[in-house]
Amino acid sequence: MDKQYLDLMEKAKQYSTHYINNIHNMSAFPDELSIQNLSIFDENLPNQSSNMQDVLKLLYENGATATSACIGGRYFGFVTGGLLPIAHASQWITDTWNQNNALYVMSPISSKLESICEKWIIELFKLNKNSAIGLVTGSSNAIICALATARNHIYKKQGYDFVQNGMRNAPKINVVISEQAHVSVKTALTLLGFGKNDIQIAPVDEFGAIIPDKLPEIDSNTLLILQAGNVNGGSFDPINTLCDIAKEKGAWVHIDGAFGLWARTSKKQKYLVEGMEKADSFSTDAHKTLNAGYDCGIVICSDKEALTDTLSSRGEYLQPSENRDGMNYVTEMSRKSRGIILWSILKQLGKQGIEDLIDKLCENTKYFAEKLEEIGYTIVTPPTFNQFIIKAQNPNKTENILNHIQKSKVCWCGNSIWNKEFVIRLSVCSHSTTKSDIDKSLEIFKEAFETYK
Ligand SMILES: *Cc1c(COP(=O)(O)O)cnc(C)c1O
């Protein structure tokens, strides 16, 4: 291959190494100057080609300083997840290979490793052997895949052929979601043709978990959507109890476990998702808790045929094979071979490594919460897994504190509204967060707490 290409890749490696080397000294969020400097990108689309090295240099020199330090140890905003070294390295290899994961004939290696991932994920989550997985961009898409499967399956049970007859004359499906359901669940339901009037809301307790006694009526035409890990406070619905109620009636249960489903892999945390094997479908992210890097979502269905019946496509030019054709499990055809990356992580960490990662995130979260409480913060939702919410004595003070912390850029966290009150939300989800990262962050939390009334 030509020298220019190789030199360019060498440069990309240098820039990446430089970034990784600097990450622990970087501020958690870009400073004003770096953000203003982004105006350098405001130019007209060039007429002529330019030197590749120059483009990469322009990107690195003006882009790197305007990144959030998500691969560092002090980014606690949203639920971003860090980036494991093996994930990063295998992403490079995957990008270099540029394999299309739609069909086996397009990439035997992608097909092979996706099959292995399916087997390993089912084993890791202790699900029934006939389960299937699909690898998608993230939980938002995984939820769409799972709920479309649930919808078609429920109709089929009612003797209604949805694929033939469509939405217009379809009988009713009783959808039940939590008062605290993630926004992506609501979007998925809208996309799948469910209106607000089709949906019943299950009330939750003060931490955001569904109260079984207050669950709306469930029947065999019900699609019940549960949550393993509330995006704000991290609470888990009582999955075992709710699955028992739903399964007795013959309802379909989906669990949105974008980050929390991974509790299943740890002896200390698995109680949080006890009974999850009774559910019919699951959505989760490898790019959050597992630190796979974007984008790596997983849809899991305990009934393989139900998933592939809903999502597989056929066309004259497509050549199906006896081996796994990745496109039959998801909504996309052409896509990145996420299985290569996921396989690398599972192979490198092994069951023990995954458990250690989950336990470390949970321990760090508890430590963080304990120390914040010592400073004087109120813990609004306890750190059951890797998320929690705090507040100060009054909303004004909480807001001032958050501004102070965000301006300091020592660490970064965001806010939410909980029980109509302004709160600070923390998510500890990077493998690279150390006790000293938390201690350093606590100093700024303390300083802010003492600064405002
Ligand atoms: C993040 C999240 C989602 C959406 O996942 P994406 O990977 O961002 O698409 C859905 N549900 C919960 C509980 C989440 O935390």
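Residues numbered from 1 in each chain as written. Predicted model: local features only at pLDDT ≥ 70, side-chain atom pairs only at ≥ 80, totals over all residues. Heavy atoms only, no water.

> Could you clarify how one ought to interpret the overall build of the protein in this entry?
For the protein, the count of helices and strands is 13 helices and 11 strands. What you see for the protein is a C-alpha radius of gyration of 23 Å, in line with the 22 Å of a compact globule of 453 residues. Its C-alpha atoms give the protein principal-axis dimensions of about 65 × 60 × 45 Å. Buried residues in the protein amount to 53% of all 453 residues. Contacts in the protein between residues at least 24 apart in sequence constitute 74% of all its contacts with a sequence separation of at least 6. (Helix = DSSP H or I, 4+ residues; strand = E, 2+ residues; numbered from the N terminus. Rg over C-alpha atoms; globule rule 2.2 N^0.38 Å. Buried < 20%, exposed > 50% of the residue type's maximum accessible area, 1.4 Å probe, protein only. Contact = heavy atoms within 4.5 Å.)

> I'm lost on the site of the ligand in this one. Help?
Of all residues adjacent to the ligand, which total 13 residues, the nearest are Ser-140, Asp-256, Asp-285, His-287 and Lys-288. Within the contact set of the ligand, an oxygen atom lies 2.6 Å away from a side-chain nitrogen or oxygen of Ser-140. Asp-256 places a side-chain nitrogen or oxygen 2.9 Å from a nitrogen atom of the ligand. Contact with the protein chains removes 85% of the 380 Å² of surface that the ligand exposes when unbound. In terms of residue class, the shell around the ligand is made up of 3 nonpolar, 7 polar and 3 charged. (Near = heavy atom within 4 Å. Polar contact = N/O pair within 3.5 Å; in protein donor to acceptor, adjacent residues only side chain to side chain. Areas by Shrake-Rupley, 256 points an atom, 1.4 Å probe, with all protein chains shown as cover. Nonpolar A, V, L, I, M, F, W, Y, C, P; charged D, E, K, R; others polar.)

> I tried to follow the packing of helix H5 (residues 108-124) against helix H11 (residues 338-375) on my own but got confused; where do I start?
Geometry of a packed helix pair, given as the angle between the helix axes and the separation of the axes. At their nearest, the axes of H5 and H11 sit 8 Å apart, and the two run at 30 degrees to each other. Overall, the two elements H5 and H11 adopt an arrangement that is roughly parallel. H11 is crossed by H5, and the crossing has left-handed handedness. Contacts between H5 and H11 involve Ser-110, Leu-113, Glu-114, Ile-116, Cys-117, Trp-120, Ile-121, Glu-123 and Leu-124 from the former and Gly-339, Ile-340, Leu-342, Trp-343, Leu-346, Lys-347, Lys-351 and Ile-354 from the latter. A class-by-class count of the residues in the contact of H5 with H11 yields 11 nonpolar, 2 polar and 4 charged. (Axes fitted to C-alpha atoms, helices over the stretch in contact; angles between N-to-C directions. Parallel < 35°, antiparallel > 145°, perpendicular 65-115°, else oblique. Left-handed = near helix turned anticlockwise from the far one by under 90°.)

> Would you explain the nonpolar core in this entry?
For soluble globular proteins, the rule of thumb is that nonpolar side chains tend to be buried together. Ile-255, Leu-290 and Leu-342 are the most contacted members of the largest nonpolar core, which totals 56 residues. Listed by contribution, the elements that provide at least two residues to this core are H5, strand E1 (132-136), strand E4 (222-227), helix H9 (239-249), strand E5 (252-256), strand E7 (297-301) and H11. With 10 residues, the top contributor of residues to this core is H11. Leave out the neighbours within four places in its chain, and Ile-255 touches Leu-226, Ala-228, Ile-239, Leu-261, Met-276, Ala-279, Ser-281, Phe-282 and Ser-283. Judged by nonpolar contacts, the second largest core, of 33 residues, contains Cys-145, Ala-146, Leu-189 and Ile-225. (Core = buried A, V, L, I, M, F, W, Y, C linked by side-chain atoms within 4.5 Å.)

> Looking at this model, I keep getting lost on the packing of helix H6 (residues 139-157) against helix H8 (residues 183-191). Mind explaining?
Between H6 and H8, whose axes approach to 9 Å, the crossing angle comes to 45 degrees. It follows that H6 is oblique to H8 by the angle criterion. Where H6 crosses over H8, the handedness of that crossing is right-handed. Residue-level contacts link Ser-140, Ile-143, Ile-144 and Leu-147 of H6 to Ser-184, Val-185, Ala-188, Leu-189 and Leu-191 of H8.

> Help me understand the pairing of strand E6 (residues 281-285) in this model?
Successive residues of a regular strand alternate their side chains across the two faces of the sheet. Of all 5 residues in E6, 5 are buried, a share of seventy percent or more. With 3 bridges connecting them, E5 and E6 associate as parallel partners. Its bridge partner being in E6, Ile-255 is matched across the sheet by Phe-282. Bridging between E6 and E7 involves 5 bridges; their strand directions are antiparallel. Following the sheet pairing, Phe-282 is matched in E7 by Ile-300. (Pairing = 2+ DSSP bridges.)

> Looking at this structure, how should I read the sheet that holds strand E8 (residues 378-381)?
Taking strand neighbours across the sheet as the criterion, the 4 strands line up as E8-E9-E11-E10 in an open arrangement whose pairing is antiparallel. Two strands bound the open sheet, and with one partner strand each, they are E8 and strand E10 (414-418). In this sheet, neighbouring strand axes are inclined to one another by 45 degrees on average, regardless of whether the strands run parallel or antiparallel. Here 3 bridges tie E8 to strand E9 (residues 387-391), and the two strands are oriented antiparallel to one another.

> Explanation requested: the pairing of strand E2 (residues 174-178) in the structure shown.
With respect to burial, E2 is a largely interior element, 5 of its 5 residues being buried. Burial along E2 is two-sided: Asn-174, Val-176 and Ser-178 and Val-175 and Ile-177, pointing in opposite directions, are all buried. Looking at chain direction, E2 and strand E3 (residues 199-202) are connected through 4 bridges and run parallel. Bridging across to E3, Val-175 finds its partner in Ile-199. Taken together, E2, H8 and E3 form a β-α-β motif whose crossover is right-handed. (Right-handed = clockwise from strand over helix to strand, strands pointing away.)

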